[in-house]
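# Results of the structural survey
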Number of protein chains: 2
Amino acid sequence: MKTSPQKVFQQYLEAQGLKLTKQRTSILEYLLRAQNHSTPERIYRDLSAQDATLGRATVFRTLHLLERAGFVGKILFADGSHGYEHKFARPHHDHMVCVDCKQVIEFTNPTIEKLQDQISREFQFTPLWHTHEIFGRCRKCSQKAVV
Amino acid sequence: MKTSPQKVFQQYLEAQGLKLTKQRTSILEYLLRAQNHSTPERIYRDLSAQDATLGRATVFRTLHLLERAGFVGKILFADGSHGYEHKFARPHHDHMVCVDCKQVIEFTNPTIEKLQDQISREFQFTPLWHTHEIFGRCRKCSQKAVV
DNA sequence: ATTGATATTGATACTCAATCTCAATATGAA
DNA sequence: TTCATATTGAGATTGAGTATCAATATCAAT
């Protein structure tokens with residue numbers, strides 16, 4: 001039983017009564033092969049270089065669709081803007097973002113996750129998702145920043 | 001020795017060679033008395049009702065100034081927009097945001113804070129600030145949401 | 001109190017991401 | 001192949017936030 005992201009996406013669309021289009025596929029595949037975090041504008045620029053008829057609105061619509069479905073997540077940048085990353089076969093993780101070189105380091109901490117659940121329970125709050133980002137300087141930029 | 005927020009702000013401005021203006025004062029005081037989290041637009045609307053000459057740009061400029069100075073912090077909302085809260089005489093805290101009623105619940109957890117520092121140290125990352133927000137449904141909205 | 005260097009302000013124009021509209025098109029079940 | 005309808009793209013529009021710059025306010029020095 002082979003469950004590629006494409007397959008999973010297709011099944012999701014079907015279950016929702018939505019249609020699989022080449023635009024949706026191409027945006028999904030862009031995200032799957034992207035190494036760094038992709039902004040909507042960047043995705044639009046890169047993909048419309050291939051297919052000049054691709055519309056900006058479709059990129060935003062598809063990103064929202066993928067986000068609602070839980071297939072992609074947002075990442076915040078230090079300047080307040082944001083990008084997306086796919087979540088196929090990737091365990092949950094949070095981010096450390098370097099304010100100088102913009103590098104994003106991923107981290108996971110099961111204890112923090114547990115504590116979050118515990119806190120939520122205390123408040124009878126039903127957690128749906130969270131963002132946890134530490135902004136600062138990565139090792140290299142910390143060294144450079146010494147005045 | 002009395003150190004009101006106003007005094008602290010004044011001293012900060014002086015130290016930076018900046019000037020204390022009535023606009024800056026009035027925006028600071030708005031934030032101090034605000035119960036809920038204030039958006040730039042809301043601040044602008046409310047304050048310009050009093051002083052019709054107040055400019056939108058000044059609100060943004062002052063918020064940035066206050067943020068740089070560490071006197072106010074951002075809070076993210078579930079829709080991606082954000083507001084501000086002052087940090088005078090308030091210990092650090094993080095947020096749980098209800099996606100339905102938009103209520104913001106504050107929480108603090110020293111263990112999480114410690115773990116964050118520990119993780120940063122592991123990566124030789126110098127943390128400057130962080131955002132940690134849990135989105136979900138508050139007690140009341142969880143009950144309502146049962147289908 | 002007056003002066004004067006300069007930080008600040010507000011009106012306005014502008015930018016740019018994101019959304020809306022809607023006619024044309026693509027999808028997929030029958 | 002047909003057809004109901006989900007989707008798309010072009011372009012207009014919105015709206016938050018920024019840049020510009022002449023007019024003004026601040027405050028330290030007189």
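The structure under discussion appears in the preceding block.
Our subject in this report is the structure included herewith.

## Focus: the pairing of strand β1 (residues 72-76) of chain A
Residues and elements named next belong to chain A.
- With respect to burial, β1 is a largely interior element, 4 of its 5 residues being buried.
- Relative to strand β2 (residues 82-86), β1 runs antiparallel, the two sharing 5 bridges. Of the residues in β2, the one forming a bridge with Lys 74 is Tyr 84.
- Joining the antiparallel neighbours β1 and β2 is a turn of 5 residues, in which Gly 80 adopts a positive phi near 100 degrees.

## Side note on the side chain of A:His95
- Among the structural elements, A:His95 can be located in strand β3 (residues 94-98).
- Not counting residues up to four positions away in its chain, the partners in contact with A:His95 are A:His37, A:Ile75, A:Glu85, A:Val104, A:Ile105, A:Glu106, A:Phe107, A:His132, A:Glu133 and A:Ile134.

## Describing unusual backbone geometry
- In this model, A:Ala89 sits at a positive phi of 55 degrees, which is unusual for a non-glycine residue.
- Inspection of the secondary structure assignment puts A:Ala89 in the loop between β2 and β3.

## Brief notes about the sheet that holds β3(A)
- In space, the 6 strands of this open sheet follow the order β4(A)-β3(A)-β5(A)-β5(B)-β3(B)-β4(B), with mixed pairing throughout. A single partner strand is all that each edge strand has here, and the edge strands are β4 (104-107) of chain A together with β4 (104-107) of chain B. Put simply, the sheet's adjacent strands are angled 25 degrees from each other on average, direction ignored.
- The sheet contact formed by β3(A) and strand β5 (residues 126-137) of chain A spans 4 bridges and is parallel. Bridge pairing in β5(A) places A:Cys98 opposite A:Gly136.

## Description of the pattern of salt bridges
Residues and elements named next belong to chain B.
- This structure, assessed with the given rule, holds 8 salt bridges over all chains.
- With a closest N to O distance of 2.6 Å, Arg 56 and Glu 41 form a salt bridge. In this pair, Arg 56 is assigned in helix α4 (residues 56-69) and Glu 41 in helix α3 (residues 40-50), connecting sequence segments 15 residues apart.
- A relative accessible area of 39% means that Arg 56 is categorised as partly exposed.
- With relative accessibility at 36%, the residue Glu 41 sits in the partly exposed group.
- Glu 106 serves as the salt-bridge partner of Arg 90, at 2.8 Å between the closest nitrogen and oxygen. Taken together, the positions of Arg 90 in the loop between β2 (82-86) and β3 (94-98) and Glu 106 in strand β4 put the pair 16 residues apart, joining distant regions of the chain.
- With relative accessibility at 31%, the residue Arg 90 sits in the partly exposed group.

## A short note on the packing of aromatic side chains
- Considering all chains together, one arrives at 8 aromatic pairs over all chains under this definition.
- When the ring of A:Phe9 is compared with that of A:Phe71, the centres are 6.1 Å apart and the planes differ by 85 degrees; the resulting orientation is edge-to-face. Placement of the pair is A:Phe9 in helix α1 (residues 5-16) and A:Phe71 in the loop between α4 (56-69) and β1, with a sequence separation of 62 residues. Considered together, A:Phe9 and A:Phe71 belong to a single accessibility category, that of buried residues.
- When the ring of A:Phe135 is compared with that of B:Trp129, the centres are 5.0 Å apart and the planes differ by 20 degrees; the resulting orientation is stacked. Remark: B:Trp129 occurs in strand β5 (residues 126-137) and A:Phe135 occurs in strand β5; the pair is interchain, linking two chains.

## Description of the protein's contact with DNA strand D
- Residues in contact with DNA strand D amount to 18 residues; listed here are only the nearest, A:Thr21, A:Gln23, A:Arg24, A:Thr58 and B:Lys19.
- Close to the protein, within 4 Å, the atoms of DNA strand D are drawn from sugar and phosphate at a rate of 79%.
- With respect to DNA strand D, the side chain of A:Thr21 contributes an N or O atom lying 2.6 Å from a phosphate oxygen.
- Here a base oxygen of DNA strand D and a side-chain polar atom of B:Lys19 are 2.6 Å apart.
- At the level of secondary structure, the elements contributing two or more residues to the surface near DNA strand D comprise α2 (22-33) and α4 of chain A together with α4 of chain B.
- With 3 residues, the top contributor of residues to the surface near DNA strand D is α4(B).

The rules behind each value
- Residues numbered from 1 in each chain as written.
- Chains lettered and ligands numbered in written order.
- Predicted model: local features only at pLDDT ≥ 70, side-chain atom pairs only at ≥ 80, totals over all residues.
- Heavy atoms only, no water.
- Buried < 20%, exposed > 50% of the residue type's maximum accessible area, 1.4 Å probe, protein only.
- Helix = DSSP H or I, 4+ residues; strand = E, 2+ residues; numbered from the N terminus.
- Pairing = 2+ DSSP bridges.
- Contact = heavy atoms within 4.5 Å.
- Axes fitted to C-alpha atoms, helices over the stretch in contact; angles between N-to-C directions.
- Salt bridge = Lys/Arg side-chain N within 4 Å of Asp/Glu carboxyl O.
- Phe/Tyr/Trp six-rings, centres within 6.5 Å; stacked < 30°, edge-to-face > 60°.
- Near = heavy atom within 4 Å.
- Polar contact = N/O pair within 3.5 Å; in protein donor to acceptor, adjacent residues only side chain to side chain.

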